[in-house]
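Structure assessment
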Amino acid sequence: MNNKLKPALLGGLIIGVLSGISSLIPLASFCCCIWSIGGGALAAFMYVKGSPVPVKIGDGAIVGALAGVFGGIIYLILGLPLAIFFGMAAMEDQLTRSGVELPFSGVLLIIVGSIIGAIILALLATLGGVIGVAIFEKRKGNGSPPPPANYGGTPAAPGSYGTGL
């Protein structure tokens, strides 16, 4: 079995770093989904290139999901402090201008939103892994193996078929 960890870690690094940094840039934050699908597809590409046998769609989903989990963790470690530090003042300013008062801290809202974002990153990276295998795997499977020799036993003697009592 080919190792899925190395491609998943690299794909997750791409997902986590790009998603964490792009969350600070207003229009680039919309690319978060693209980074996730691309990171899952990159992990699938690396897995296909390193596999001696044709890779199945399910393996691409697994390596993409692993990349998404790693990327989500990196996103939380990197993006959550940045979102709290840079986004807290802007969020509180917008809420007070609109007249909305939260019964809880805005930090809690940012934490919950970041966790939901990390879960969405993992789901989209799984999709990216499936898409990556569909695009990059060009080898055909051998199908089913041939039947073993003497499958069904030895041949019967002539005339022994259908003889009654």
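In this text the structure is predicted, and so the values were computed from the model without any measurement.

On to the overall build of the chain, then. Counting its secondary structure elements, the chain contains 4 helices and 0 strands. What you see in the chain, going N to C, is helices and strands ordered as α-α-α-α. Classification of the 165 residues of the chain by burial places 30% in the buried group. The long-range share in the chain, meaning contacts at least 24 apart out of those at least 6 apart in sequence, stands at 83%. For the chain, the accessible area works out to roughly 10400 Å², and carbon and sulfur atoms hold 73% of it.

Attention now moves to the packing of helix α1 (residues 5–22) against helix α2 (residues 32–50). Remark: α1 packs on α2, axes separated minimally by 8 Å, with the N-to-C direction vectors making an angle of 165 degrees. The pairing of α1 with α2 is recorded here as roughly antiparallel in orientation. Here α1 runs over α2; the crossing is right-handed. Between α1, through Pro7, Ala8, Leu10, Gly11, Ile14, Ile15, Leu18, Ser19 and Ser22, and α2, the contact on the second element is made entirely by Cys32, Trp35, Ser36, Gly39, Gly40, Leu42, Ala43, Met46 and Tyr47. Here the contact of α1 with α2 is built from residues that sort into 12 nonpolar, 6 polar and no charged.

Here we take up the pattern of salt bridges. A pair can form between side chains of opposite charge whenever their charged atoms are brought close. One pass over the full model with this rule turns up 2 salt bridges. Here aspartate 59 and lysine 4 are joined by a salt bridge, their closest N and O atoms 3.9 Å apart. Note that aspartate 59 is positioned in helix α3 (residues 57–98) and lysine 4 in the segment before α1, a separation of 55 residues in sequence. For glutamate 137, the salt bridge goes to arginine 139, with nearest N and O atoms at 2.9 Å. The exposure class assigned to glutamate 137 is buried, which follows from its relative accessible area of 12%.

Inspection of the secondary structure assignment puts valine 69 in helix α3. Through-space distance from the C-alpha of valine 69 to that of isoleucine 15 is 9.6 Å; in sequence the pair is 54 residues apart.

Secondary-structure assignment places methionine 88 in helix α3. Sequence-wise, methionine 88 and isoleucine 110 are 22 residues apart; in three dimensions their C-alpha atoms are separated by 8.1 Å.

Turning our eyes to something else, we now look at the nonpolar core. Proteins that are soluble and globular tend to have nonpolar side chains buried together. Counting 15 residues, the largest nonpolar core has Ile15, Val55, Val63, Ala67, Leu121 and Val133 as the members making the most contacts within it. Within the residue set of this core, elements represented by two or more residues are α1, α2, α3 and α4 (106–136). In terms of residue count, α2 provides more of this core than any other element does, 5 residues in total. In this structure valine 133 touches Ala44, Val48, Val55, Lys56, Ile57 and Gly60, once residues within four positions along its chain are discounted.

Looking at the chain, the pLDDT average stands at 81 and 78% of residues meet or exceed 70. Across the chain, element-level confidence peaks in α2 with a mean pLDDT of 92 and bottoms out in α3 with 84.

In this section: a nonpolar patch on the surface. On the surface, Ile21, Leu24, Ile25, Leu78, Phe85 and Phe86 cluster together to form a nonpolar patch covering roughly 580 Å² of accessible area. By residue number, the principal contributor to the nonpolar patch is α3, which donates 3 residues.

Right, let's get into α1. Taking 1.5 Å per residue as the helical rise, α1 with its 18 residues ought to reach 26 Å, and the 25 Å between its terminal C-alpha atoms agrees with that figure. What α1 keeps buried is the set Pro7, Ala8, Gly11, Gly12, Ile15, Gly16, Ser19, Gly20 and Ser22. Around the axis of α1, the buried residues are gathered within 165 degrees of arc, so they sit on the same side.

Cut-off values and rules
- Residues numbered from 1 in each chain as written.
- Predicted model: local features only at pLDDT ≥ 70, side-chain atom pairs only at ≥ 80, totals over all residues.
- Heavy atoms only, no water.
- Helix = DSSP H or I, 4+ residues; strand = E, 2+ residues; numbered from the N terminus.
- Buried < 20%, exposed > 50% of the residue type's maximum accessible area, 1.4 Å probe, protein only.
- Contact = heavy atoms within 4.5 Å.
- Areas by Shrake-Rupley, 256 points an atom, 1.4 Å probe, with all protein chains shown as cover.
- Axes fitted to C-alpha atoms, helices over the stretch in contact; angles between N-to-C directions.
- Parallel < 35°, antiparallel > 145°, perpendicular 65-115°, else oblique.
- Left-handed = near helix turned anticlockwise from the far one by under 90°.
- Nonpolar A, V, L, I, M, F, W, Y, C, P; charged D, E, K, R; others polar.
- Salt bridge = Lys/Arg side-chain N within 4 Å of Asp/Glu carboxyl O.
- Core = buried A, V, L, I, M, F, W, Y, C linked by side-chain atoms within 4.5 Å.
- pLDDT = per-residue confidence, 0-100.
- Patch = residues over 30% accessible without salt bridge, like charges linked within 9 Å, V, L, I, M, F, W, Y side chains within 5 Å.
- Expected span 1.5 Å × (residues − 1).
- Arc of directions from axis to C-beta.

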